[in-house]
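# Structural description and commentary
Each chain, letter by letter, is given below.
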Amino acid sequence: MRNTILTTATLLLSGALTAQGVFSNKTQSVLEKVIQDYPNHFYNIKGEQINQAHHTVEYRSILQLPGSPSCMVVKTADGGGTAANEAYSWTCMVLESDSFDKVRERFHDIYGQISNSIISSGKQKTFILTGQYEEPDADRKLTRVIFSLLPGVGDMKSVRVELLLRHDDKGYKILLSVNDHNAQEMQGAVTASNQAPL
């Protein structure tokens, strides 16, 4: 009888916590699938090609964050012509708005949804997504939270997840991206010279 009561209580508590989104949410679920495809250079989530510039090819992502206007996979090459000279990233525009209060609140919400999330890789390894929160400021052009996977081992040790809030003449944008931090310098140099920012 005691085992039945404990089992029932555990199932009810587990169901209640899951329903409240404590262990899973849609943003975390999409992000987990994106991270799982990172070792494949996002091949399984890459849709149709939408743009090509000098050393950059953009593809529509078949995985979209709920309510986001666009998500894409970007392949960047430094011109060397080999796979070692290529970098891949997944970037999603979460929100675009003129209202700082609206983007500040959404930035905080997205951080809360993914911070300390448990991410399972396809190889049955489990990681925790961790990053230090930075409070957005209306006077700052860029607010960035960089997340990493702990423990950082194997194929996943170079994964970097970034949550960005950008401010420019057109307003505010929140971006969420998954990329290889070892290739970030190459990708940043190429995209800065050849591509307008999202």
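Residues numbered from 1 in each chain as written. Predicted model: local features only at pLDDT ≥ 70, side-chain atom pairs only at ≥ 80, totals over all residues. Heavy atoms only, no water.

### Topic: the overall build of the chain
A count of helical and extended segments in the chain gives four helices and nine strands. Classification of the 198 residues of the chain by burial places 38% in the buried group. Considering only intrachain contacts with a sequence separation of at least 6, the fraction spanning at least 24 residues in the chain is 49%. Roughly 11000 Å² of accessible area belongs to the chain as shown, and the carbon and sulfur atoms make up 51% of that amount. (Helix = DSSP H or I, 4+ residues; strand = E, 2+ residues; numbered from the N terminus. Buried < 20%, exposed > 50% of the residue type's maximum accessible area, 1.4 Å probe, protein only. Contact = heavy atoms within 4.5 Å. Areas by Shrake-Rupley, 256 points an atom, 1.4 Å probe, with all protein chains shown as cover.)

### A short note on the sheet that holds strand β2 (residues 56-61)
Strand order in the open sheet formed by nine strands is β1-β2-β3-β4-β9-β8-β7-β6-β5, and the pairing between neighbours is antiparallel. The open sheet has two free edges, formed respectively by β1 (46-52) and β5 (117-120), since each of these has just one partner strand. Neighbour-to-neighbour, the strand axes of this sheet turn through a mean angle of 25 degrees, independent of strand direction. Inspection of the sheet shows β5 paired to strand β6 (residues 126-130) by four bridges, in the antiparallel sense. In the sheet register, Ile-119 faces β6, and the bridge partner there is Phe-127. Against the sheet, helix α2 (residues 26-36) touches β4 (86-97), β5, β6, β7 (142-150), β8 (159-168) and β9 (171-180), its axis set at about 40 degrees to β5. (Pairing = 2+ DSSP bridges. Axes fitted to C-alpha atoms, helices over the stretch in contact; angles between N-to-C directions.)

### Some thoughts on helix α3 (residues 100-114)
Between its first and last C-alpha, α3 extends 21 Å over 15 residues, near the 21 Å set by a 1.5 Å rise per residue. Buried residues of α3: Phe-100, Val-103, Phe-107, Ile-110, Tyr-111 and Ile-114, and no others. Along the long axis of α3, the arc covered by the buried residues comes to 100 degrees, so they all point the same way. Turned more than 90 degrees off the buried face of α3, the exposed positions are Glu-105 and Gly-112. (Expected span 1.5 Å × (residues − 1). Arc of directions from axis to C-beta.)

### Points about the pattern of salt bridges
Inspection of every chain in the model, using the stated rule, returns six salt bridges. We note a salt bridge from Glu-86 to Lys-75, for which the minimum N-O separation is 3.5 Å. Here Glu-86 is found in strand β4, whereas its partner Lys-75 is found in strand β3 (residues 70-77), with 11 residues between them in sequence. Taking the relative accessible area as the measure of exposure, Glu-86 reaches 23% and is therefore partly exposed. Through salt bridges with shared partners, a single network forms among Arg-144, Arg-160 and Glu-162. (Salt bridge = Lys/Arg side-chain N within 4 Å of Asp/Glu carboxyl O.)

### Quick look at the state of the cysteines
Taken as a whole, this structure holds one disulfide when the rule is applied. Bridging Cys-71 to Cys-92, the disulfide has an S-S length of 2.2 Å. Here Cys-92 lies in strand β4 and Cys-71 lies in strand β3, a separation of 21 residues in the sequence. Each of the two residues, Cys-71 as well as Cys-92, counts as buried. (Disulfide = S-S within 2.5 Å.)

### What to know about α2
What sets the pattern is the α-helix's 3.6 residues per turn: residues three or four places apart point alike. Taken residue by residue, α2 has Thr-27, Gln-28, Val-30, Leu-31, Glu-32, Val-34 and Ile-35 as its buried positions. Measuring from the side-chain oxygen of the N-cap residue of α2 to the backbone nitrogen of Thr-27 gives 3.1 Å; that N-cap residue is Asn-25. (Polar contact = N/O pair within 3.5 Å; in protein donor to acceptor, adjacent residues only side chain to side chain.)

### Description of a negative patch on the surface
Taken together, the side chains of Glu-96, Asp-98, Asp-168 and Asp-169 make up a negatively charged region of the molecular surface. Take Glu-96: it is sitting in strand β4. Here Glu-96 falls in the partly exposed class, since its relative accessible area comes to 44%. (Patch = residues over 30% accessible without salt bridge, like charges linked within 9 Å, V, L, I, M, F, W, Y side chains within 5 Å. Lys, Arg positive; Asp, Glu negative; His and termini not counted. Charge placed at Lys NZ, Arg CZ, Asp CG, Glu CD.)

### Let's talk about the pairing of β7
Side-chain positions along a regular strand alternate between the two faces of the sheet. What you see with β7 is a clean split: Thr-143, Val-145, Phe-147 and Leu-149 sit on the buried side and Leu-142, Arg-144, Ile-146, Ser-148 and Leu-150 on the side with no burial. Pairing of β6 with β7, which is carried by three bridges, proceeds in the antiparallel orientation. Each bridged residue has a counterpart across the sheet, and for Thr-130 the counterpart in β7 is Ser-148. The sheet contact formed by β7 and β8 spans seven bridges and is antiparallel. Along β8, the bridge assignment pairs Ile-146 with Glu-162.

Any functional reading would require information that these geometric values do not contain.
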